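# Inside the fold
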Amino acid sequence: MPETGPDTDGGLALNRALWDERARIHGSTSTDRFYDVESFVAGRETLYALERELAGDVAGKDLLHLQCHFGMDTLSWARLGARVTGVDFAPTAIERARLLADRTGLDATFVEADTQRLPTTLAARFDLVVATYGVLCWIADLDGWMRGAAMALRPGGSLVVVDLHPAFQAVAALDPLVVDWPYGGGAPHLETVTSTYAEPGLSLPAQDSVQYPYSVGEIVTAAASAGLTVKHLGEHVAAELDPRGFLPQGQDGLYRLPFGDSHLPVLYSLRAESPPPYSS
């Protein structure tokens, strides 16, 4: 299990350095599992059905994408007609996102900021706030993250989160089954990283990072505490992607996490709404 350690700066500096390096590497090799830049520029879709269904028709809507990395999903929302703004704390990611927007000719704004402390210039500007796949495990201040998302929404707007399920994050290996991560609690866990999920076979210089395990209950409670009303909570045993690179793929093309004769959830999905405009 990763070491539990002090959290003097919320792991922010360590994690920013890690994601700055990942933003430099991702999409730079022909064997990258997720970030084929050239096919994206040519029109490849990067969004999955789950987040598209939860977000609904985004054409003509203002959409804020939190932890946008170097912008492929953000720009995919733009291709669907949304007016998009992406936020990430890694300067290399923001620089690459802006370059990618230029290459695709898509209109997008990218902001370098910590999603736990969103700038007030984003307040009440968006119909949708979206965050997907590998999001909240990097967040020390879950309540601050949810307050920022709520702040950015217009009255009646929606937060959409699709992320790795805490039960899936707890599993380190399948054969044999190894569980080495707590289910919730939010305590900082220090881990030394020498690879990336996008290309597990690539050996990288060791970098320290800090992650934070949250339960589904803690995530939902944080959304409610931020003043949002939860309209949907889904737990999904089948996924279109294998986020961590070790799930078996079924004949239907979907990935599942086997557990005895059944399956544990791989993803969860959340949609929560900002209070509607007050009417007397």
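Heads up: these notes are all about the structure in this document. Here the structure is a predicted model, which is why all the values come from computation and not from measurement.

## Examining empty space enclosed by the protein
- Tallied over the entire structure, the rule returns two cavities of 30 Å³ or more.
- Computed from the structure, the largest cavity encloses a volume of approximately 60 Å³.
- Taken together, L136, C137, D163, L164, P166, Q169, Y212, Y214, I219 and Y268 form the lining of the largest cavity.
- In the lining of the largest cavity, the residues fall into eight nonpolar, one polar and one charged.
- Each pocket or cavity is described by its volume, and for the second largest cavity that value is around 30 Å³.

## So, the sheet that holds strand β6 (residues 153-164)
- With mixed pairing, the seven strands of this open sheet are ordered in space as β4-β3-β2-β5-β6-β15-β11. Each having just a single partner strand, β4 (108-112) and β11 (229-236) make up the two edges of the open sheet. Across the sheet, the mean angle separating the axes of adjacent strands is 15° when strand polarity is ignored.
- Here helix α4 (residues 72-79) sits on the sheet in contact with β2 (62-66), β3 (83-88), β4 and β5 (126-132), set at roughly 170° to β3.

## Overview of the sheet that holds strand β13 (residues 255-259)
- In space, the three strands of this open sheet follow the order β12-β13-β14, with antiparallel pairing throughout. Every interior strand has two partners, whereas the edge strands, β12 (238-239) and β14 (262-264), have only one.
- By the bridge criterion, three bridges tie β13 to β14 in an arrangement that is antiparallel. By the bridge assignment, P258 is partnered in β14 with H263.

## A closer look at the packing of aromatic side chains
- In total, this model carries eight aromatic pairs according to the counting rule given.
- On the numbers, 5.3 Å between centres and 50° between planes, the contact of Y35 with F70 is tilted. Placement of Y35 in the loop between α1 (12-25) and α2 (37-41) and of F70 in the loop between β2 and α4 is noted, with a sequence separation of 35 residues between them. In this structure, Y35 and F70 share a single accessibility class: buried.

So, how was this worked out
- Residues numbered from 1 in each chain as written.
- Predicted model: local features only at pLDDT ≥ 70, side-chain atom pairs only at ≥ 80, totals over all residues.
- Heavy atoms only, no water.
- 1 Å grid on protein atoms, 1.4 Å probe; cavity = no way out; pocket = protein on both sides within 12 Å on 5 of 7 lines; lining within 4 Å.
- Points joined across faces, edges and corners; volume = space filled by probe spheres on them.
- Nonpolar A, V, L, I, M, F, W, Y, C, P; charged D, E, K, R; others polar.
- Pairing = 2+ DSSP bridges.
- Helix = DSSP H or I, 4+ residues; strand = E, 2+ residues; numbered from the N terminus.
- Axes fitted to C-alpha atoms, helices over the stretch in contact; angles between N-to-C directions.
- Contact = heavy atoms within 4.5 Å.
- Phe/Tyr/Trp six-rings, centres within 6.5 Å; stacked < 30°, edge-to-face > 60°.
- Buried < 20%, exposed > 50% of the residue type's maximum accessible area, 1.4 Å probe, protein only.

Everything listed here is a matter of coordinates, which is why it stays silent on function.
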